[in-house]
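Each chain, written out:
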Protein chains: 4
Amino acid sequence: MGKLTFGAGIWAFGQFVDRYAGDGYGPTRSSQQMIEDAARVPGLKHLDINVPFDIPERTATEIKKMLDDNGLICRATTPHIYMREYAKGSFTNPDAKLRSKTKDRVREAISAAKILGATYVKFWPGQDGFDFPLQADYMQIWDYTIDGIRDLANENPDIQFAIEYKCKEPRVHMTLATATKTLLAISEMKVNNVGIVMDFGHSLMAQETPAESLLLIHRHGKLVSAELNDNWRGWDDDLPVASVHLFETIEYMLALRSINWTDPILLDQFPFREIL
Amino acid sequence: MGKLTFGAGIWAFGQFVDRYAGDGYGPTRSSQQMIEDAARVPGLKHLDINVPFDIPERTATEIKKMLDDNGLICRATTPHIYMREYAKGSFTNPDAKLRSKTKDRVREAISAAKILGATYVKFWPGQDGFDFPLQADYMQIWDYTIDGIRDLANENPDIQFAIEYKCKEPRVHMTLATATKTLLAISEMKVNNVGIVMDFGHSLMAQETPAESLLLIHRHGKLVSAELNDNWRGWDDDLPVASVHLFETIEYMLALRSINWTDPILLDQFPFREIL
Amino acid sequence: MGKLTFGAGIWAFGQFVDRYAGDGYGPTRSSQQMIEDAARVPGLKHLDINVPFDIPERTATEIKKMLDDNGLICRATTPHIYMREYAKGSFTNPDAKLRSKTKDRVREAISAAKILGATYVKFWPGQDGFDFPLQADYMQIWDYTIDGIRDLANENPDIQFAIEYKCKEPRVHMTLATATKTLLAISEMKVNNVGIVMDFGHSLMAQETPAESLLLIHRHGKLVSAELNDNWRGWDDDLPVASVHLFETIEYMLALRSINWTDPILLDQFPFREIL
Amino acid sequence: MGKLTFGAGIWAFGQFVDRYAGDGYGPTRSSQQMIEDAARVPGLKHLDINVPFDIPERTATEIKKMLDDNGLICRATTPHIYMREYAKGSFTNPDAKLRSKTKDRVREAISAAKILGATYVKFWPGQDGFDFPLQADYMQIWDYTIDGIRDLANENPDIQFAIEYKCKEPRVHMTLATATKTLLAISEMKVNNVGIVMDFGHSLMAQETPAESLLLIHRHGKLVSAELNDNWRGWDDDLPVASVHLFETIEYMLALRSINWTDPILLDQFPFREIL
C-alpha cells in the first residue's frame, strides 16, 4: 500500500453552530483563515470546499490562489443544497422552481470544481427525505432524486460526481440513507459518472459494518472517496478518528489497503470543544 | 383492492423456546396439532411450512393430507438451514461439506414444495454473517451467499425462491440484512427466480421505513411475499400487528394497496405469553 | 380530570438554526414577535422563557408587559447555560470561573422569574457530560452537578427549581440523562426545592417508557412540569405531538390524568419546516 | 490493586439454545460436566450456580462435593424465576400463587447458597415487565417488585441479595432496567441486604456508560458483583470480553481499580459458536 495521504472538509476549520449555541462555538471565519489553518495541519493536503464560498463576492479564482499559496489541493467541491432555502428538499423539493434552482447551485459547484482542479463534485442532499410517517410519497421522492442527479450527470459527462449517503440530519429521515440504497439509486440512473463518498461515521449510523460497505461499493466500481471520523452509532457526532470504534477503524483501514486505495482519505470531524 | 387474505408461519402454532426458558413456553406440538390450530383461526388460510417436519419420518404427502383435511393451503416451504448444524453458517459455512449439505437441505424443501403446492421456497440464512469486528472476510461471505443461491436458482428454474432479509438473530450480524442489500445480492446473481420476502418487523429492525422498502422491492420486480408483525425496532420481538407501530402499519397497508397486492399476507408473530 | 391547559417554550416561535443551515430556518425574531405569535395559538397560555432575552438591553419588566398585553403567563424561566461560553460545561465546567459564572447566569433567571411570576426556574445543563470514552472523571462531574445545583437551591429556598433531563445533544453524552438518574442526583442534594421537568421526547430518547417515568417521578414527589413532543427514539427531533408515537402519547396522557395533573402541559416542538 | 480473580456463570459451560436452534448449540450437559469444564479454564475459580440444578433429584450437597473435588468456589446462587412457569412474571406475576411460588423458589436458592457457601443470592427477574404500550400497570408492577424482594430480604437478614438489572430479554421490556432505576427500587425497599450485580453488557444495552454506572452503584454502597462480556449495545449478545468495546472495557477495569475491587469478576459469556 502506498503512503496514506489526508484531507479534510474546509468546514472543519470554520465556525461550528448548533441549534442551541446560536452564538456559535467560536467566531465566524473567512476562507483565508480556514485555508491557512488547514495548511498548518501536518500531513493534510486536500480540501473539500463548499460552494458558494464564505462571502457572496468571493470567486473560485481567489480561492485557487489561496490554496496555491498555502500548498493545498482542492479534492472536491460541495454545493450548499441543504441551507434554509432547501429546508424541504433540494432535488426532491415539492416546488419545481427549487428543484431547478438546486441544479443551478450544482452547476456553480461544477464551475468552481473546474477552476479549483477538484477531482469530483459531491452531492449531499441533507434535506431530502421526510420527518414522520404518512408524510411522504416515497416513490415520488425517489424519482426526483434519480432524475435530478441523472440530468446533471448526463449534462456534464466529463465531471465525476459522488453522493455522500447519510441516514438522517438535518432531515429526520434522509432518502439516500445507506450504501446499498445509494448503489441501487445509482444503478437506476444508468450513468457512469456518479459514485459514492463513503463516510465511516455515516456507515456506523446506518447500522452498517463500514469495512463491508466499503468493499461492496468498491466491488461495484463506485468508490470515489473515503472519509474518516467516529460517532456512537446513533448520531453523526463527527468525533476524532478511532476515539470510540478502534477495531472498526482498523478493519476499515485494512479494507482500504486490500483494494490498494491511494487517494486521499478525508477527515470529516467537527471538533466543537477541542478548538476552544 | 381485492379482499385481503392471510396466512402464517406454522411455527406460530408450535412450541416457543428461548435461551432462558429451555423448558419452552408451552409443550412440544406435532404437525397435526399445529395445522389443526391454524385451521381454527378465522380468515387464516395459508401456511409457510418448515422442512424437515416435526418428526424425521413425516412425509410431505402426510402433511398435504393434513392441510387438505383442514382446508389450508401451503404458501411456502422454508428449509431449516439455521439449526445446530449450521451454527457457523449455511451457504457461507467455512466447511465446504456443510455448504453442500445446505443445498441438499434446500432440495428437500423444493421436493416438499412441489408435493405441497407451495408458491415459493424461502431462504432465511439466519446463521450467515459474523459476530464481532475483524472476524469475517466479508467478500468471501458475500460470494458464498451469491453462489449458493444462484446455483440452486439455476438448478431449479421452475421454482420461485425468495430471501427473507433480517439484520440480526440468531447470528449477531446477518449478511442479507436490508432490503436494498438483498436487492443488490439478487442483481449479482443474474437469475430471474429469486425474489424477496418482506417482513415488516425485519424492516423496522433494519432502520428502514417499511412502506418505502416494500415499494422499492416492488419497483424492482422482486416482491414475492409480505409478512406482518411488530417490534420495538431493536429486536425481532414478533409482537401482534400494530401493537407498537400503528402509523407505520397503516402506511404499509396503503403501500400494499397502491401496488394492488392480492396475495396472502403472512403473520409472523411469536405469541410467547398470549398462549398460556 | 380538569380541563387541560397548554404552554410552550418561547423558542418554538423563534428562529431555528442547525449546524448546516447556518443561515437559519427563517429570519431572526424579537421577543415581541415571538410573544405575539405565541398569543395567536388557540389554547396556548403559558411560556417558558429563556434568560437573557433577545437583546442584551431587554429587561424582564419589558417582557412582563409584553406578556400581559398578549394575555400570556410566564410558566418558567430557563437560563442560557449551554451557549458558546459553556461549551465545556456549566455546573461541571473544568474552569472554576465558568462554574461560578453559571450560578450568576442562573441568578439572573431567578430575578427574571420573580418579575415575570414564573412558577419555576429550569436547569437544562446541555453541555455537561462527555464526548468519548476515557475522557471524563465521572464522579467529579457528578459532584460538580450536585454541588452547583444544591448551592443554588439552598441560596434560594423560596424558588422552585426543576431539572430537565436529556441523554444527549448538544453534549455527546449528558450526565443528567434519565429520570431515575436525575432522581438519584436530587436525592443526593438533600434539598426540597429541586424537581424535574419531564419531557416526553427526552424520555423516549433515554429508552424509557414515558408514562412509567412520569409515574416514578410523581411517586417521589418531584414532578414539576410535563412537556410534550415526539421523536424517533434516537434523537431529540422535537416533532409534533403524536406524529410518531400515538400509543405512548395516549398512555402518557392517561398517566397524567391518573395523578390528577392540572398544571399546564408545555409543547417543546421545533417546527423547522412547518413554518416555511 | 490486588491480583484479579475470575469466575463465570455455570451456564457458560452448558447447552445453549435459542428460539430457532431448538436442537441446541451442542448436546445437553450435566452439572458434573459443566463443573469439570469450568475447572479446566486457567484462572477461573468461582461459579454462579442456577437453582434448581441439572436434574430434579440433584442436591446442593452433591454440587458442593463436585465443586470441592474440582477446586472451585460457589460465588452465588441464582434461582430459576424466569422459566416457562414464570413467563408472565415472577415477583410481578398477575397470579398471586405464582408470586408466592417465586419466593419459594428463591428460598430454595437461599438454602443451596448456605450449603454451597455462596456470597450472595442473585435476582434476575427476566420475565418481569411488559411487551407493548397500554398493556401494563407500571406502578402495580413496581410495587410487586419492591414488596417481593423486600419480604425476602427481611425474612433472611443474614443473606446478601443482589439484583442483576437488564432492560430487555426475555421480557420485551424489563422493569429493573438500569443501574439508577434499580438503585431507586432498592432505596424504596429500606433494607440493607440488597445490592446490585453490575453486568457490563447489560449496562451497554441500557445506553449507560458502564464505568460511570459502576461508580454510582459503588458510591451508594450497593455494588455486590461485577460481570464482564461484550455486545453491540442493542442486545445481550454475551460476546467475549473486549471483542467490541475495548476502550469502554479498559475504562471499566480502571474504575474497578479505583475502588480497590478485589472480589471475583464474573464472565457472563455465551460462546454459541466457539464451542463447536
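So, a few notes on the structure that sits alongside this text. (Residues numbered from 1 in each chain as written. Chains lettered and ligands numbered in written order. Predicted model: local features only at pLDDT ≥ 70, side-chain atom pairs only at ≥ 80, totals over all residues. Heavy atoms only, no water.)

## Some remarks on the overall build of chain A
Heads up, the rule is: Only DSSP runs of H or I with at least four residues qualify as helices, and only runs of E with at least two residues qualify as strands; both kinds are numbered from the N terminus onward. Computation of the radius of gyration draws on C-alpha atoms, with the globule rule given as 2.2 Å multiplied by the number of residues to the power 0.38. In this scheme, a residue with accessible area under 20% of its type's maximum is buried, one over 50% is exposed, and one in between is partly exposed, where area comes from a 1.4 Å probe on protein chains only. Contacts are assigned to residue pairs with any non-hydrogen atoms lying within 4.5 Å of each other. To measure how exposed things are, a 1.4 Å probe is used in the Shrake-Rupley method; for residues, cover is taken only from the protein chains shown. Neither His nor the chain termini are counted; the positive set is Lys and Arg, and the negative set is Asp and Glu. A charged residue contributes its charge at one atom only: NZ of Lys, CZ of Arg, CG of Asp or CD of Glu.
Counting secondary structure elements, chain A contains eight helices and 10 strands. Here chain A has a C-alpha radius of gyration of 18 Å; the compact-globule value for 276 residues is 19 Å, and the two agree. Each of the three principal axes of chain A carries a C-alpha extent, and together these read 45 × 45 × 40 Å. Within chain A, buried positions represent 66% of all 276 residues. The contacts in chain A between residues at least 6 apart in sequence include a share of 76% that link residues at least 24 apart. Surface summary for chain A: the accessible area is close to 9,600 Å², and the carbon and sulfur share equals 53%. Treating the 30 positive side-chain charges of chain A as one cloud and the 38 negative ones as another, the clouds have centres 2 Å apart.

## Section: the packing of helix 5 (residues 179-189) of chain A against helix 5 (residues 179-189) of chain B
Short version of the rule: Axis definition: a line fit to C-alpha positions, over the contact stretch in the case of helices; interaxial angles, taken between N-to-C directions, run 0 to 180 degrees. Any angle that falls under 35 degrees is termed roughly parallel, while one over 145 is termed roughly antiparallel, one within 65 to 115 roughly perpendicular, and all others oblique. Crossings are sorted by hand: turned counterclockwise from the far helix by less than a right angle, the near helix makes the crossing left-handed, and turned clockwise it makes it right-handed. Each residue receives one of three labels: charged for Asp, Glu, Lys and Arg, nonpolar for Ala, Val, Leu, Ile, Met, Phe, Trp, Tyr, Cys and Pro, and polar for the others, Gly being one of them.
Across the interface, helix 5 of chain A lies against helix 5 of chain B with an axial gap of 7 Å and an inter-helix angle of 55 degrees. Between helix 5 of chain A and helix 5 of chain B, the crossing angle belongs to the class labelled oblique. You can see that helix 5 of chain A and helix 5 of chain B cross each other, and the crossing is left-handed. On the side of helix 5 of chain A, the interface is formed by T180, K181, L183 and L184 of chain A, while helix 5 of chain B contributes T180, K181, L183 and L184 of chain B. Residue composition of the contact of helix 5 of chain A with helix 5 of chain B, by class: four nonpolar, two polar and two charged.

## Some words on the interface of chain B and chain C
We count it as follows: Summed over both partners, buried area is the accessible surface (1.4 Å probe) that two parts give up on being assembled. Here, a salt bridge means any side-chain nitrogen of Lys or Arg that lies within 4 Å of a carboxyl oxygen of Asp or Glu. What qualifies as a polar contact is a pair of N or O atoms within 3.5 Å, subject to a donor-acceptor requirement within protein and to the restriction that residues adjacent in sequence count only when both atoms come from side chains.
Taken together, the contacts link eight residues of chain B with eight residues of chain C. Of the roughly 610 Å² buried between chain B and chain C, counting both surfaces, carbon and sulfur atoms make up 64%. If you look at where chain B meets chain C, you find zero salt bridges. Taken together, chain B and chain C are joined by zero residue pairs in polar contact (both at pLDDT 80 or more). A breakdown of the residues in the side of chain B that touches chain C according to their chemical character gives five nonpolar, one polar and two charged.

## Digging into the relation of the copies chain B and chain C
Rules: Our superposition of the copies is a least-squares fit, built on the C-alpha atoms of residues whose pLDDT is at least 70 in both.
Least-squares fitting of chain B to chain C yields an RMSD of 0.0 Å, with the superposition described by an axial translation of 0.0 Å and a rotation of 180 degrees. As the rotation angle and translation indicate, the two copies are arranged about a two-fold axis. Of all interface residues in chain B, 100% are interface residues in chain C too; the two copies therefore contact each other through one and the same surface.

## Comments concerning the interface of chain C and chain A
Between chain C and chain A, the contact holds 45 residues from the first and 45 residues from the second. Taken together, the two surfaces of chain C and chain A that pack against each other cover about 3,900 Å², and 60% of this comes from carbon and sulfur. Considering only the side of chain C, the residues that lose the most area to chain A are R19, R84 and R273 of chain C, jointly responsible for 23% of the buried surface there. The interface formed by chain C and chain A includes eight salt bridges.

## Some details on the environment of N193 of chain A
All names here are of chain A. Tracing the backbone shows N193 in the loop between helix 5 and strand 8 (194-199). Distance from N193 to L98, taken between C-alpha atoms, is 24 Å for residues 95 residues apart in sequence. Discounting residues that sit within four places of it in the chain, N193 has contacts with A153, N156, P157, I159, Q160 and F161. At a separation of 3.1 Å, a polar atom in the side chain of N193 contacts the main-chain carbonyl oxygen of I159.

## Some thoughts on the sheet that holds strand 4 (residues 120-123) of chain A
Residue and element names in this part refer to chain A. To keep it simple, the criterion reads: DSSP-based pairing: two strands are paired if at least 2 bridges between them are found.
Taken together, eight strands build a closed barrel; the order of strands is 1-2-3-4-6-8-9-10 and the barrel is parallel. The average angle at which neighbouring strand axes cross in this sheet is 30 degrees, direction not considered. Sheet analysis places strand 3 (residues 73-79) next to strand 4, joined by two bridges and oriented parallel. Bridging from a neighbouring strand, T77 pairs with V121 of strand 4. Where helix 5 meets the sheet, its contacts fall on strand 6 (161-164) and strand 8, and the angle it forms with strand 8 comes to roughly 170 degrees.

## Here we look at the pattern of salt bridges
Applying the stated criterion across every chain yields a total of 107 salt bridges over all chains. Here E164 of chain A ties to K122 of chain A by a salt bridge, and the two come within 2.8 Å at their closest N and O atoms. On the criterion of sequence distance, the pair formed by E164 of chain A in strand 6 and K122 of chain A in strand 4 is long-range, its members being 42 residues apart. Judged by its relative accessible area of 2%, E164 of chain A is buried. Between D151 of chain B and K103 of chain B there is a salt bridge; the shortest N-O distance is 2.7 Å.

## Let's talk about the pairing of strand 6 (residues 161-164) of chain D
Residue and element names in this part refer to chain D. The alternating pattern of strand 6 places F161 and I163 and A162 and E164 on opposite faces, both of which are buried. Here strand 4 (residues 120-123) pairs with strand 6 via three bridges, running parallel. Each residue of the ladder has a partner; that of K122, found in strand 6, is A162.

## Comments concerning the packing of aromatic side chains
Our working definition: Here is the rule: rings of Phe, Tyr and Trp (six-membered ring for Trp) pair when centre to centre is within 6.5 Å. Planes less than 30 degrees apart are stacked, more than 60 are edge-to-face, and the remainder are tilted. When the NZ atom of lysine or the CZ atom of arginine is within 6 Å of a ring's centre and also within 35 degrees of its normal, the charge is said to sit over that ring.
Counted under the stated rule, the structure contains 50 aromatic pairs over all chains. Seen from their ring centres, F200 of chain B and Y252 of chain B are 5.1 Å apart, and the 70 degrees between their planes marks the pair as edge-to-face. Of this pair, F200 of chain B sits in helix 6 (residues 200-205) while Y252 of chain B sits in helix 8 (residues 246-258), placing them 52 residues apart in sequence. An identical accessibility class is assigned to F200 of chain B and Y252 of chain B; each is buried. For the ring pair F123 of chain C and F161 of chain C, a centre distance of 5.2 Å and an interplane angle of 5 degrees mean the geometry is stacked. You can see F123 of chain C sitting in strand 4 (residues 120-123) and its partner F161 of chain C sitting in strand 6 (residues 161-164), a full 38 residues away along the chain. Members of the aromatic cluster, joined through ring pairs, are F16, Y25, F270 and F272 of chain A. In this structure, R19 of chain D is placed above the aromatic ring of F270 of chain B, and the distance from its NZ or CZ to the ring centre is 4.3 Å. The ring of Y144 of chain D has R99 of chain D sitting right over it, with the charged end atom 3.9 Å from the ring centre.

## Quick notes on the sheet that holds strand 3 (residues 73-79) of chain D
Ordered in space as 1-2-3-4-6-8-9-10 (chain D), the eight strands form a closed barrel in which the pairing is parallel. Adjacent strand axes in the sheet meet at a mean angle of 30 degrees, parallel and antiparallel pairs treated alike.

## Examining empty space enclosed by the protein
We apply this condition: Any residue with an atom within 4 Å of a point lines the site, the site being either a cavity, points on a 1 Å grid over the protein atoms alone where a 1.4 Å probe fits but cannot get out, or a pocket, an open set with protein on both sides within 12 Å along at least 5 of 7 lines. Grid points are joined across faces, edges and corners, and a volume is the space filled by probe spheres set on the points.
Scanning all chains against the criterion turns up 11 cavities of 30 Å³ or more. One number sums up the size of the second largest cavity: a volume of about 630 Å³. Residue composition of the lining of the second largest cavity, grouped by class: 20 nonpolar, no polar and 22 charged.

## Topic: the nonpolar core
How we decide: What is meant by a nonpolar core is a set of buried Ala, Val, Leu, Ile, Met, Phe, Trp, Tyr and Cys residues, joined one to another through side-chain atoms within 4.5 Å.
Membership of the largest hydrophobic core comes to 172 residues, with the highest contact counts inside it found for L47 of chain A together with L47 of chain B. Of the residues forming this core, the biggest block, eight residues, is contributed by helix 4 (residues 138-155) of chain A. L47 of chain B has contacts with A8, I10, F13, I35, A38, L67, L72, I73, C74, R75 and A76 of chain B, leaving out every residue within four places of it along the chain. V244 of chain B, F13 and A113 of chain C together with C74 of chain D belong to the second largest nonpolar core, which has 170 residues in total.

## Description of the packing of helix 4 of chain A against helix 5 of chain A
Helix-helix packing: each pair is described by the crossing angle between the helix axes and the interaxial distance. All names here are of chain A. With their axes 9 Å apart at the nearest point, helix 4 and helix 5 run at an angle of 60 degrees to one another. Comparing their axes, helix 5 and helix 4 come out oblique. In terms of crossing hand, the pair formed by helix 4 and helix 5 is right-handed. Between helix 4 and helix 5, the residues in contact are W142, I146, I149 and R150 and K181, L184, A185, E188 and M189, respectively.

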